[in-house]
Amino acid sequence: VILTAHGSGGMVFDSWSGDLTGTENPDTVSVDSTLSIMATFVDSPTPVRDTPALTELTLGHNSPNPFTAGTFLNFGLPAESDVEISVYDAAGRRVYTERIARSNPGWHQVYFDGRDGSGRRLPSGVYFYRVTTRYATVSNKMVIVR
């Protein structure tokens, strides 16, 4: 059976527990007896809204941090720009890249699911994420705990 957990009301899937554990969503389970499986969800953080006008590329902390299944990367743009978000492992290897064309000025939130560019789950460890625009680059640290 393929199980897929869907959140509502701003909730985001975090992990499975009981007879199925882990953070894969969707995930597959073989049923040959009665199972008890619970999906755990976390609140999606609300981006900062009522702030003064941004005068430079601003990077907020990712939330949650550390994380198991995924985290939200928050950044603010002072002007419209293409945006590139890259994730690097502790050895400095780029493991993920996302490009967003023509983002408007203001605060933005991007969900990173803890997977590399090929869709494989990244192992526990320290990672660095970098937001690059045409006028600046900022970076911060995040931690995956599996």
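Refer to the preceding data block for the structure.
Residues numbered from 1 in each chain as written. Predicted model: local features only at pLDDT ≥ 70, side-chain atom pairs only at ≥ 80, totals over all residues. Heavy atoms only, no water.

## Examining the sheet that holds strand 6 (residues 71-77)
The three strands lie next to each other as 5-6-9, forming an open sheet whose pairing is antiparallel. Two strands lie at the open edges of the sheet, namely strand 5 (58-59) and strand 9 (106-112), each paired on one side alone. For strand 6 and strand 9, the ladder comprises seven bridges, and the chain directions are antiparallel. What sits directly across from L73, in strand 9, is V110. (Pairing = 2+ DSSP bridges. Helix = DSSP H or I, 4+ residues; strand = E, 2+ residues; numbered from the N terminus.)

## Observations concerning a nonpolar patch on the surface
A grouping of V1, V31 and L35 is seen on the molecular surface, where their side chains present a nonpolar patch of about 260 Å² in accessible area. Along the chain, the position of V1 falls in the segment before strand 1 (2-3). The class of V1 is exposed, set by a relative accessible area of 57%. (Patch = residues over 30% accessible without salt bridge, like charges linked within 9 Å, V, L, I, M, F, W, Y side chains within 5 Å. Areas by Shrake-Rupley, 256 points an atom, 1.4 Å probe, with all protein chains shown as cover. Salt bridge = Lys/Arg side-chain N within 4 Å of Asp/Glu carboxyl O. Buried < 20%, exposed > 50% of the residue type's maximum accessible area, 1.4 Å probe, protein only.)

## Brief notes about the sheet that holds strand 8 (residues 94-103)
As summarised here, the arrangement of the four strands in space is 8-7-10-11, forming an open sheet in which the pairing is antiparallel. Single-partner strands in this sheet number two, and they are strand 8 and strand 11 (137-144). Averaged over all pairs of adjacent strands, the angle between their axes in this sheet comes to 15°, without regard to strand direction. In this structure, strand 10 (residues 125-132) lies alongside strand 11, joined through eight bridges in antiparallel fashion. Residue pairing in the sheet places F128 in a bridge with K141 of strand 11. (Axes fitted to C-alpha atoms, helices over the stretch in contact; angles between N-to-C directions.)

## A closer look at the environment of V12
Here V12 lies in strand 2 (residues 11-18). A C-alpha to C-alpha distance of 8.7 Å links V12 and G70, two positions 58 residues apart in sequence.

## Digging into the side chain of R115
Note that R115 resides in the loop between strand 9 and strand 10. Of note is the side chain of R115, whose polar atom sits 3.0 Å from the backbone oxygen of G119. When residues no more than four places from it in sequence are discounted, the contact partners of R115 are E24, N25, Y96, R120, R121 and L122. (Polar contact = N/O pair within 3.5 Å; in protein donor to acceptor, adjacent residues only side chain to side chain. Contact = heavy atoms within 4.5 Å.)

## Some words on the pattern of salt bridges
Close approach of charged atoms allows side chains with opposite charge to pair. On inspection of all chains with the given rule, the structure shows eight salt bridges. Note that R121 is salt-bridged to E24, the shortest N-O span being 3.4 Å. Residue R121 is located in the loop between strand 9 and strand 10, and its partner E24 is located in the loop between strand 2 and strand 3 (27-28); the two are separated by 97 residues in the primary sequence. With a shortest N-O distance of 3.5 Å, R94 and E84 are connected by a salt bridge. Here R94 is found in strand 8, whereas its partner E84 is found in strand 7 (residues 81-89), with ten residues between them in sequence. The class for R94 is partly exposed, based on a relative accessible area of 46%. Since its relative accessible area comes to 19%, E84 is described here as buried. Within this structure, E24, D113, R115 and R121 form a network of salt bridges that share partners.

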